[in-house]
Amino acid sequence: MISNKLNRRDFLKRSTEFLGAASFASAAGIGGCIPSTAPAMKAELLQNKIPFDTAIPELSKNGDGVKLENDDLEYPILLIRKSNSAFVAISTECMHLGCQVRMQRTVLRCPCHGSAYDLEGSVLNGPTEHPLKRYNIRMKGTIAEILVL
Ligand code: FES
């Protein structure tokens, strides 16, 4: 599972992301990537679980989100606060062609072909037809234990 080599799928995914982002940015008249409102953070992956302490300023308000990264994850995971005690964990893998979605306040946007999802991962507009993958979460106090199966 752990590999530093770029396999075929990773290569295609990254190539698609790059080309899609470049064409979207060009079409939108913006010269760069879509900015994300979810800061990236490193996360530990322990036996298919990601324990993450949610008592941080970046997750203090409902609708706040962070992008959890770990080299063993194929795609980062967005952890988003829904309420005082509830969170949602969503894969950043766009279900259209596999680019990485980015959180922009209340919408998760794909930079490649314009798909958009709400903060639950449901489709707002295509071309994607499928919701984002969600992960189960067990709360232990302020620790959100994301079950990565
Ligand atoms: S990969 Fe095409 S819209 Fe996301």
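What counts, and where the lines are drawn
As a convention, each chain's residues are numbered from 1 in the sequence order in which they are written. Per-residue local features of the predicted model are confined to residues with pLDDT of at least 70, and side-chain atom pairs are confined, for both listing and counting, to 80 or more; whole-chain, interface and lining totals are unaffected and use all residues. Here a helix means four or more residues in a row that DSSP labels H or I, a strand means two or more in a row labelled E, and each is numbered from the N terminus. Whether a residue is buried, exposed or partly exposed follows from its count of other C-beta atoms within 10 Å of its own C-beta, namely 20 or more, 12 or fewer, or something in between, respectively; the C-beta atoms are built from the backbone. At least two DSSP bridges between two strands are needed for those strands to be called paired. An axis is simply a line fitted to the C-alpha atoms; with a helix, the fit covers only the stretch in contact. Between two such axes, the angle follows the N-to-C directions and lies from 0 to 180 degrees. The term nonpolar core refers to a group of buried residues, namely Ala, Val, Leu, Ile, Met, Phe, Trp, Tyr and Cys, whose C-beta atoms join them within 7 Å.

K.L.:
Could you give an account of the overall build of the protein, with specific residues and numbers?
P.N.:
Scanning the protein for helices and strands turns up 1 helix and 11 strands. Along its sequence from the N terminus, the protein presents helices and strands in the succession α-β-β-β-β-β-β-β-β-β-β-β. Burial statistics for the protein: of 149 residues in total, 26% are counted as buried.

K.L.:
Now, about the sheet that holds strand 2 (residues 49-53): what can you tell me, with residues and values included?
P.N.:
Strand order in the open sheet formed by 7 strands is 1-3-4-5-10-11-2, and the pairing between neighbours is mixed. Looking along the sheet, the strands with just one partner apiece sit at the ends: strand 1 (40-42) and strand 2. Averaged over neighbouring strand pairs, the angle between their axes works out to 30° when direction is ignored.

K.L.:
Give me the lowdown on unusual backbone geometry, citing residues and values where you can.
P.N.:
Omega for the bond connecting Gly 126 with Pro 127 falls within 30 degrees of zero, at 25°, which places this linkage in the cis form. Phi angles above zero are rare outside glycine, and Gln 47 is one such case at about 50°. The residue Asn 48 is not glycine, and still its phi comes out positive at about 65°. Structurally, the position occupied by Asn 48 is in the loop between strand 1 and strand 2.

K.L.:
So what's going on with the sheet that holds strand 6 (residues 102-104)? Residues and values would help.
P.N.:
Across the sheet, 4 strands lie side by side as 6-7-8-9; this open sheet has antiparallel pairing. At either margin of the open sheet sits one strand with a lone partner, and together these are strand 6 and strand 9 (123-125). In the sheet, strand 7 (residues 107-109) pairs with strand 8 (residues 116-117) via 2 bridges, with the strands oriented antiparallel. Opposite Leu 108, over in strand 8, you have Tyr 117 as the bridge partner.

K.L.:
Could you give an account of the pairing of strand 2, with specific residues and numbers?
P.N.:
Taking every second residue as pointing to the same face, the buried face of strand 2 carries Ile 50 and Phe 52, while none of Lys 49, Pro 51 and Asp 53 on the other face is buried. Bridging between strand 2 and strand 11 (residues 143-147) involves 5 bridges; their strand directions are antiparallel. Within strand 11, the residue paired with Pro 51 across the bridge is Glu 145.

K.L.:
With reference to specific residues and values, describe the pairing of strand 3 (residues 65-69).
P.N.:
Counting buried residues in strand 3 gives 4 out of 5 residues, a clear majority hidden from the surface. Note that strand 1 and strand 3 share 3 bridges and pair parallel. Each bridged residue has a counterpart across the sheet, and for Lys 42 the counterpart in strand 3 is Glu 69. Inspection of the sheet shows strand 3 paired to strand 4 (residues 77-81) by 4 bridges, in the antiparallel sense. Bridging across to strand 4, Leu 68 finds its partner in Ile 77.

K.L.:
Which residues make up the nonpolar core, and what values do they have?
P.N.:
Counting residues in hydrophobic clusters, the biggest one holds 25 residues, and the most contacted among them are Ile 50, Phe 52, Leu 68, Ile 77, Leu 78, Leu 79 and Ile 146. Of all the secondary structure elements, the ones that give two or more residues to this core are strand 2, strand 3, strand 4, strand 5 (87-91) and strand 11. A per-element tally of this core places strand 4 first, with 4 residues.

K.L.:
Tell me what's going on with the environment of Ser 83, and back it up with residues and numbers.
P.N.:
By the secondary structure assignment, Ser 83 is in the loop between strand 4 and strand 5. Expressed as a C-alpha distance, the spacing of Ser 83 and Asn 62, which sit 21 residues apart in the sequence, is 5.4 Å.

K.L.:
Describe in detail the environment of Leu 73, supporting the description with residues and values.
P.N.:
With respect to the helices, strands and loops of the structure, Leu 73 is situated in the loop between strand 3 and strand 4. Residue class for Leu 73 comes out partly exposed when judged on the 15 C-beta atoms lying within 10 Å of it. When the C-alpha atoms of Leu 73 and Ala 43 are compared, they prove to be 10.0 Å apart, with 30 residues separating the residues in sequence.

From the geometry alone we can't say anything about function, so treat these as descriptive.
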